[in-house]
Amino acid sequence: MQNISDQQKICVIGLGYVGLPLFVLAAQNNYSVLGIDLDKDKIDNLKYGKSYNQEISDYDIQTFLTKDFVTISTDYSGLSSCDVIVVCVPTPLSAKGKPDYSLLSRAVDEIALRLRQGQLVIIESTVAPGTTKNLVLSRLQAGGLSVGTDFFLSYSPERIDPGNKSYKLNNIPKLAAGATHICRLLAQNFYSSLGLTVIPVPSLAVAEMAKLLENTYRDVNIALVNEMAQICHANNINIWDVINAAATKPFGFHAFYPGVGVGGHCVPIDSVYFTHWAWEKGTSAKLCELARKINTEMPSYITNIIINTLAASNKILRGSKILILGVSYKKDTNDVRESSALKLITQLQMEGAQVSFHDPMVESIEINSTILHRVTPDSNFISQQDCVVLALAHSAYNLSGIYSASTSIIDLTNAMADYPENRLTRL
Ligand SMILES: NC(=O)c1ccc[n+]([C@@H]2O[C@H](COP(=O)([O-])OP(=O)(O)OC[C@H]3O[C@@H](n4cnc5c(N)ncnc54)[C@H](O)[C@@H]3O)[C@@H](O)[C@H]2O)c1
C-alpha cells in the first residue's frame with residue numbers, strides 16, 4: 001500500500017463550487033496540483049488570477065498561480081502523472097428530470113484511458129447508491145487493472161454549503177468509503193493530509209446514501225415548514241413566531257424556514273436522485289416525492305400572495321410592476337441554479353406582470369431564453385413598484401431603506417419582523 005505524501009501530485013477534475021476550493025486547499029498544502037475543467041472561460045479566468053467563486057478570493061488564486069507546482073488546463077493529458085484524482089463534476093438532472101450521469105461518465109472515461117498502477121481515484125460528485133461501483137469501477141477496470149491492488153477507488157461526498165460563514169471545506173468532517181479496505185485508508189490519508197477530519201464509512205453505498213439522506217432531509221423538512229406556513233398564513237398565525245417558539249426546545253427539534261422554494265445544485269436534485277433510485281429498485285419514496293411537490297409549488301403559492309396583496313389595493317397582477325429582491329437560491333450566494341425565485345419570475349411574467357429584479361450578487365438571469373439585467377433599486381425606482389417582494393434578505397441590503405421607499409412589500413424572509421404592519425405582507 002502506498003502512502004499519500006506531499007511529494008505526490010493531485011488532480012482535481014471539475015473546478016466549480018466543489019472542485020475549486022479543494023484544488024486551492026491542496027495547493028495551500030504544498031501538493032503539486034493539476035486542475036482540469038472543460039470550461040475554457042473558467043480556466044482563462046483562473047490563469048488571469050480571477051476567481052469566479054465567492055468562497056475563493058482573487059488573492060488566493062494569484063498567490064498559488066505563481067507557484068510552479070500548480071497547473072490548470074482543459075486538457076486531460078497530464079492526468080497520468082497524478083497520484084490522486086478527485087472527481088468533482090456536476091451530476092444534474094436531464095431535460096426529462098432524471099439523474100444525468102453523462103458528465104461523470106465522460107470524466108471517468110478520460111481517467112480510464114490514462115489509468116496506471118498506484119493511482120487513487122476519488123469521486124466527490126453526488127450520486128445514487130451503487131453508482132461508484134456500477135458506473136465508475138466497471139469503466140476503470142475495463143482496461144485490465146484491478147481495484148485494491150493496481151489502483152484504488154473511493155467515494156467521499158462533498159458537503160460544503162456555499163455562503164455558510166461558520167462551516168467551510170476545512171472544518172466540515174469528510175466521509176470516506178472505499179471499494180476495498182485499502183482504498184478507504186488511502187482516501188482517509190489523503191483528506192487527513194489536507195487537515196480535514198475524516199469519518200470512515202463502511203461501504204461505498206453507505207457513503208453515497210448518506211449524502212442523499214443529508215439533502216433529502218433538508219428537502220422534506222423545508223417542505224414541512226412550507227406547508228405549515230401556508231396553513232398558518234390562512235389562519236393568521238405567524239409561522240416565524242411558531243418556529244422561533246418551537247426552536248427553544250433544546251432537543252428533538254431543528255428549525256427550518258419557509259420561503260419561495262428550494263434551489264441550488266444539491267437539495268432539489270439530490271432528492272430526485274434518491275426517489276428515482278428508489279423507483280428503479282421497485283419501491284417508492286412517497287414522502288420525498290410529496291416534499292418535492294410542495295416545494296416546487298411554492299412559487300405558485302407566492303404568486304397568489306402577490307395577487308391578494310395587489311387586490312387589497314384594487315390592483316390586478318396583469319400590468320403591475322413587481323420588483324423581486326434576491327434571486328439566487330439562498331442568502332449571500334450568487335448561485336442561481338434551480339433557484340425558485342427564477343420560477344416565481346417566470347410565473348409572474350406569464351401572468352402579465354412587469355417584473356424586474358435586483359440581487360447584489362447576480363447581475364443578470366435568463367428567463368425563457370431572454371436575459372434580464374438587474375435594476376438599480378434606488379428609492380425612486382422602489383416607490384414606483386406596485387409590489388416589492390423580498391425573496392432573500394442578502395446581508396448587503398439596506399432593509400429599512402427598502403421598506404421606507406416601497407408602497408407595498410411582501411417579506412418572505414422575516415427580516416422585516418419588527419417593521420410596522422402597514423404596507424407589509426408576511427409569508
Ligand atoms: N454546489 C454545492 O454546494 C455542492 C455541495 C456538495 C456537493 N455538490 C456536488 O458536487 C458536484 C459538483 O457540483 P458543483 O456545484 O461544484 O458543480 P459546478 O457546476 O459548480 O462545477 C463543476 C465543474 O465541472 C466542470 N466539468 C463538467 N464536466 C466535466 C468533465 N467531464 N471534465 C472536467 N470538467 C468538467 C464544469 O465546467 C464545472 O466548472 C455535484 O455532483 C454536486 O451535486 C455540490
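Please read these numbers as outputs of a predicted model, since none were measured by experiment. (Residues numbered from 1 in each chain as written. Predicted model: local features only at pLDDT ≥ 70, side-chain atom pairs only at ≥ 80, totals over all residues. Heavy atoms only, no water.)

## With respect to the site of the ligand
Part 1: The full set close to the ligand counts 26 residues, and Val18, Asp37, Lys42, Tyr76 and Thr91 are the nearest of them.
Part 2: Within the contact set of the ligand, an oxygen atom lies 3.0 Å away from a backbone nitrogen or oxygen of tyrosine 17.
Part 3: Between the ligand and leucine 103, the relevant distance is 3.4 Å, taken from a nitrogen atom to a main-chain nitrogen or oxygen of the residue.
Part 4: Burial of the ligand by the protein chains amounts to 94% of its free accessible area of 830 Å².
Part 5: Residues that form the shell around the ligand fall into these classes: 14 nonpolar, six polar and six charged.
Part 6: Here the shell around the ligand spans two domains, and each of domain 1 (9-202) and domain 2 (215-426) adds at least three residues to it. (Near = heavy atom within 4 Å. Polar contact = N/O pair within 3.5 Å; in protein donor to acceptor, adjacent residues only side chain to side chain. Areas by Shrake-Rupley, 256 points an atom, 1.4 Å probe, with all protein chains shown as cover. Nonpolar A, V, L, I, M, F, W, Y, C, P; charged D, E, K, R; others polar. Domains from an automatic or database assignment.)

## Considering the environment of alanine 187
Part 1: Tracing the chain through its elements places alanine 187 in helix α6 (residues 181-193).
Part 2: The spacing of alanine 187 and alanine 177 is ten residues in sequence and 7.7 Å in space, taken between C-alpha atoms.
Part 3: The contact partners of alanine 187, leaving out residues within four places of it in the chain, are Leu120, Ile122, Ser154 and Ala176. (Helix = DSSP H or I, 4+ residues; strand = E, 2+ residues; numbered from the N terminus. Contact = heavy atoms within 4.5 Å.)

## Structural notes on the domain arrangement of the chain
Part 1: Domain annotation of the chain identifies domain 1 (9-202) and domain 2 (215-426).
Part 2: Just the C-alpha atoms count here: the centres of domain 1 and domain 2 sit 33 Å apart.
Part 3: In this complex, domain 1 contributes 20 residues to the contact, which on the side of domain 2 involves 15 residues.
Part 4: For the pairing of domain 1 and domain 2, the buried interface totals around 1400 Å² over both sides, and the portion due to carbon and sulfur atoms is 57%. (Buried area = accessible area lost by both parts, 1.4 Å probe.)

## Quick notes on the sheet that holds strand β14 (residues 409-411)
Part 1: If you trace the five strands from one edge of the open sheet to the other, you get β10-β9-β13-β14-β15, paired in parallel fashion. Two strands close off the open sheet at either side, each with one partner strand: β10 (354-358) and β15 (424-426). On average, each strand axis in the sheet is tilted by 20 degrees relative to the strand beside it, whichever way the strands run.
Part 2: Both strand β9 (residues 321-325) and β10 contribute to a ladder of five bridges, which runs parallel. Looking at β10, one finds that leucine 323 is bridged to serine 356. (Pairing = 2+ DSSP bridges. Axes fitted to C-alpha atoms, helices over the stretch in contact; angles between N-to-C directions.)

## With respect to the pattern of salt bridges
Part 1: Tallying each qualifying case throughout the model produces 16 salt bridges.
Part 2: In this structure, aspartate 83 and arginine 116 form a salt bridge, with 3.3 Å as the shortest nitrogen-oxygen distance. Taken together, the residues span a long stretch of sequence, with aspartate 83 in the loop between β3 (70-73) and β4 (84-87) and arginine 116 in the loop between α4 (102-114) and β5 (120-123) at a distance of 33 residues.
Part 3: Assessed through its relative accessible area of 15%, aspartate 83 is described here as buried. (Salt bridge = Lys/Arg side-chain N within 4 Å of Asp/Glu carboxyl O. Buried < 20%, exposed > 50% of the residue type's maximum accessible area, 1.4 Å probe, protein only.)

## A look at the sheet that holds strand β6 (residues 152-155)
Part 1: Read from one edge to the other, the open sheet built from eight strands follows the order β3-β2-β1-β4-β5-β6-β7-β8, with strand pairing classed as mixed. With partners counted over all chains shown, the strands left at the sheet margins are β3 and β8 (198-200), one partner each. Ignoring which end each strand starts from, the neighbouring axes of this sheet average 20 degrees apart.
Part 2: Sheet topology note: the β5/β6 ladder contains four bridges and is parallel. By the bridge assignment for β6, valine 121 is matched with leucine 153.
Part 3: Against the sheet, α4 touches β1 (9-13), β4 and β5, its axis set at about 165 degrees to β4.

## Examining the environment of valine 12
Part 1: With respect to the helices, strands and loops of the structure, valine 12 is situated in strand β1.
Part 2: Classification of valine 12 by relative accessible area gives buried; the value is 0%.
Part 3: Along the primary structure valine 12 and leucine 140 are separated by 128 residues, whereas in three dimensions their C-alpha atoms are 17 Å apart.
Part 4: Apart from the residues within four sequence positions on either side, valine 12 is in contact with Gly19, Leu22, Phe23, Leu34, Gly35, Ile36, Val86 and Cys88.

## A closer look at the packing of aromatic side chains
Part 1: Using the criterion set out here, one finds seven aromatic pairs in the structure.
Part 2: Consider the rings of phenylalanine 274 and tryptophan 277, whose centres lie 6.4 Å apart with planes at 35 degrees: the pair is tilted. Taken as a pair, phenylalanine 274 and tryptophan 277 lie in helix α9 (residues 267-280) at a separation of three residues, close to a single helical turn.
Part 3: Its relative accessible area of 17% is what places phenylalanine 274 among the buried residues.
Part 4: An angle of 85 degrees between the planes, with centres 5.0 Å apart, marks the rings of tyrosine 403 and tyrosine 419 as edge-to-face. Of the two residues, tyrosine 403 sits in helix α14 (residues 399-405) while tyrosine 419 sits in the loop between β14 and β15, which places them 16 residues apart along the sequence.
Part 5: With a relative accessible area of 6%, tyrosine 403 lands in the buried category.
Part 6: Here a set of aromatic residues connected by ring pairs shows up, and it is made of Tyr31, Phe190 and Tyr191.
Part 7: Over the ring of tyrosine 191 we find lysine 174; its NZ or CZ atom is 4.7 Å from the centre of that ring. (Phe/Tyr/Trp six-rings, centres within 6.5 Å; stacked < 30°, edge-to-face > 60°. Lys NZ or Arg CZ within 6 Å of the ring centre and 35° of its normal.)

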